[in-house]
Amino acid sequence: MTKEWRLLRTGPLSGALNMALDEALFEAVAAGRSAPVLRLYRWKPAALTLGYAQQGARVVNLAACRELGLDVVRRATGGRAVLHDREVTYAVIAPEQGGIFPGGILENYRVIAGALCHALRGLGLKAELVPGRSRDAGRAEERESACFTAPSSYELVVDGLKVAGSAQKRGEGIFLQHGSIPLDLDPEKLFCALDTRGRLSAAEGGARLAASVGWLNRFLPSPLCVEEVEEAVVASFSEALGLDLVAGEPDSLEWERASWLAAQRYANPAWSLAGITGPGIA
């Protein structure tokens, strides 16, 4: 039996408003005002997001980000820094137990990663899920680096390189997972945005990242466009997970809440760059 979800395509927004809208929708689903959500969105300008507990000055070259025209914003979810530019970004907001989700962080990752894997294979990519590694594995220095440099449990790789990053927030029986699927990536730009030590040139640092980072059009003879990948993701969630995705828009209350959250938190450098810890972050 199919299950009805909201399908929201909100187009390009600032980094602060994108993260604020995810949180507003999380609150709406948790309060029972909204059905589960699959949201697809983009970024204008390109942005670098920090994991919830990361401290901006420690992991991001803020001067380089300004020169590159990148927003810098902290997510409500954990993990490492992610550069969002020419990509498909998704958010799934749903009850963490029952329905299609068995409950638990890794199992929910597995379900969503399976749908994304189905979508990428349909686009001609030899995608596979990486099993068995804890999301907290590795040295502290590695955990501070770019999210795409090390695959973790139930994430997608092509030819051994990670091609989708994801992170979760949980609370009140609801979870938010948002993630990015880059179509194209500039490793030198990513390196410059993250380089706080100045030990390597942009070319050297970019080459190192390129050896461990993947993006979809790197593996295909003909480049994909964002719209093609979005359509594949929607079709896969519908077919692989048995969902009835009803297209719509965030309502006025959700936009109002998102605007408030953006102004008070995500667009506020004192909040967004400080780095804090708290419960319910995965």
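Quantities reported herein were computed from a predicted structural model and do not represent experimental measurements.

**Student:** What is the right way to read empty space enclosed by the protein from this model?
**Tutor:** Rolling a probe over the atoms, with the probe sized like a water molecule, indicates the empty space that remains. Within this structure, the stated rule accounts for three cavities of 30 Å³ or more. Computed from the structure, the largest cavity encloses a volume of approximately 110 Å³. If you go around the largest cavity, you meet 16 residues; those closest to its centre are Arg75, Val82, His84, His178 and Gly179. Elements with a minimum of two residues in the lining of the largest cavity: β2 (37-43), β5 (82-84), β10 (165-171) and β11 (174-182). When its residues are assigned to classes, the lining of the largest cavity shows six nonpolar, nine polar and one charged. Of the volumes computed, that of the second largest cavity is approximately 60 Å³. In terms of lining, the second largest cavity is formed by Tyr90, Tyr109, Ile112, Ala113, Leu116, Tyr154, Glu155, Leu156, Ala164, Ser166 and Gln177. Ranked by the residues each element gives to the lining of the second largest cavity, the list is headed by helix α4 (residues 105-122), at four residues.

**Student:** Looking at this structure, I do not really get the environment of Gly214. What am I missing?
**Tutor:** Examined against the element boundaries, Gly214 turns out to sit in the loop between α7 (202-210) and α8 (226-241). A residue is classified by how much of its surface remains accessible, and Gly214, at 0% relative accessible area, is buried. Taking C-alpha positions, Gly214 is 8.1 Å from Pro182, a pair spaced 32 residues apart along the chain. If we skip the residues at most four places from it in the chain, Gly214 touches Leu161, Lys162, Val163, Pro182 and Phe219.

Calculation notes
- Residues numbered from 1 in each chain as written.
- Predicted model: local features only at pLDDT ≥ 70, side-chain atom pairs only at ≥ 80, totals over all residues.
- Heavy atoms only, no water.
- 1 Å grid on protein atoms, 1.4 Å probe; cavity = no way out; pocket = protein on both sides within 12 Å on 5 of 7 lines; lining within 4 Å.
- Points joined across faces, edges and corners; volume = space filled by probe spheres on them.
- Helix = DSSP H or I, 4+ residues; strand = E, 2+ residues; numbered from the N terminus.
- Nonpolar A, V, L, I, M, F, W, Y, C, P; charged D, E, K, R; others polar.
- Buried < 20%, exposed > 50% of the residue type's maximum accessible area, 1.4 Å probe, protein only.
- Contact = heavy atoms within 4.5 Å.

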